[in-house]
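Tertiary structure, described
Here's the letter readout for the chains.
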Amino acid sequence: MKKNATIVYSIKRSFVKSDISILDALGFNVFEIQSSPDKRLLYFLLNRIKEKFKSIIYISRSRFLISWFNDYHSFIPILFSKLFFKKSIIIVGGYDAIVDNKNEHGLFFKSGLRSLVAKMNYKMVSEVWVVHKSLENGCDFAKQKFNIISGVRSFTKKKTIVIKEINTGYDARFWSYDEKTAKTGILTAAFFSDKRVIDIKGLKGFNKLASFLPEINFTIVGESEISIIDFIDLEPNVDVIGVQSKTQMKKLYQKNKFYFQGSRLEGLPNSLCEAMLCGCVPIGSRVFGIPDAIGNTGILFDTENDLEKIVHFIKSDIGLENFKKARKRIVQNFDISIRTEKIKKSILKWKLEY
């Protein structure tokens, strides 16, 4: 007979689906509490009511609770996990452990009810799992270069808080490298639904890089709700396309030679790791989890002043061995099996504690 676990989230992203599959493979029947991030008062209140009733039904029957990200949707389930003496975990991905004053971005940017609730969640929760170690104590480089405050410990006074690095994992069987597909072009991707994301993801640097390499095609993926061209005078060799399906993204990764991750803040970027698995040579900024993902398989840069160095790298002799090396880096360090094993070990440890 399967044991029960509860997972709470706002949007059912690929990493949420992946963790549900992991828990299922570990022998758990997974109850789901989904609360859409709707700020309209009626829907906000309905979400809280729904969370209360589902928490009573699900958490009382579960071994533990996992919340993907810290926010309003976490509070009631975590509260009930304490009432029912159950273990609770918040998985921190980035937004819930940073403050970017320039872009008015981050869960703790404004002091108010939302940040108060988030701090209470960190105080009540049994454990915090960060997708990269920089989200525990902060990224020094992002602080020095961009004045970004980061790290869970920057936003909680609970000195005994248990924080573990459990990196997100990626399915190398799906995100595959096809040696028969000719690679050309440079790709970057995100969910560009807000003008702030343009700065956060470094699109101006991407566009400037395109101006140095007019003979190469550059592609921006993920335009949604805004028009990027309203904010950037795009170079003629830069194409913009909308949000793509998982299969469509795989094809884009497979046919592009380079992947650009010019972010000023991140956790461990999913798109970067997926692209590397598909043989893209990585180009990334030196913040948070990006250097650990890239290792020695691509090139890291500090600011837009490094673009000429990147141009030289792109024009160098990049080929089959580089594509294989990028893929191997993710397989060895961030394969889905590694995340599965870390989650399994944590669950076994809880059993011993009972």
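Considerations on the sheet that holds strand S6 (residues 127-130)
Judged by pairing direction, the sheet is parallel, and its six strands sit side by side in the order S2-S1-S3-S4-S6-S8 without closing on themselves. With one partner strand each, in any of the chains shown, strand S2 (28-34) and strand S8 (163-165) form the two edges of the open sheet. Ignoring strand direction, the axes of neighbouring strands in this sheet form an average angle of 25°. Note: strand S1 (residues 3-9) against strand S3 (residues 64-68), three bridges, orientation parallel. Residue valine 8 lies in a different strand from S3, and its bridge partner there is serine 67. Sheet strands touched by helix H2 (residues 41-59): S1, S2 and S3. Its angle to S2, the strand with the most contacts, is close to 170°.

Looking at the confidence of the model for the chain
Residues with a pLDDT of 70 or more make up 98% of the chain, whose mean pLDDT is 93. When the elements of the chain are averaged for pLDDT, helix H14 (residues 336-353) gives the smallest value, 85, and strand S12 (residues 258-261) the largest, 98.

Overview of unusual backbone geometry
Generally, phi is negative for residues other than glycine and the peptide bonds are trans, each holding for most cases. Backbone geometry places phenylalanine 85, a non-glycine residue, at a positive phi of 55°. Note that phenylalanine 85 resides in the loop between helix H3 (72-83) and strand S4 (87-92). Residue classification places phenylalanine 85 among the exposed residues on the basis of a relative accessible area of 75%. If you check the backbone angles, glutamate 225 has positive phi at about 75° while not being a glycine. Position of glutamate 225 relative to the elements: it lies in the loop between strand S10 (218-223) and strand S11 (238-242).

What counts and how
- Residues numbered from 1 in each chain as written.
- Predicted model: local features only at pLDDT ≥ 70, side-chain atom pairs only at ≥ 80, totals over all residues.
- Heavy atoms only, no water.
- Pairing = 2+ DSSP bridges.
- Helix = DSSP H or I, 4+ residues; strand = E, 2+ residues; numbered from the N terminus.
- Axes fitted to C-alpha atoms, helices over the stretch in contact; angles between N-to-C directions.
- Contact = heavy atoms within 4.5 Å.
- pLDDT = per-residue confidence, 0-100.
- Buried < 20%, exposed > 50% of the residue type's maximum accessible area, 1.4 Å probe, protein only.

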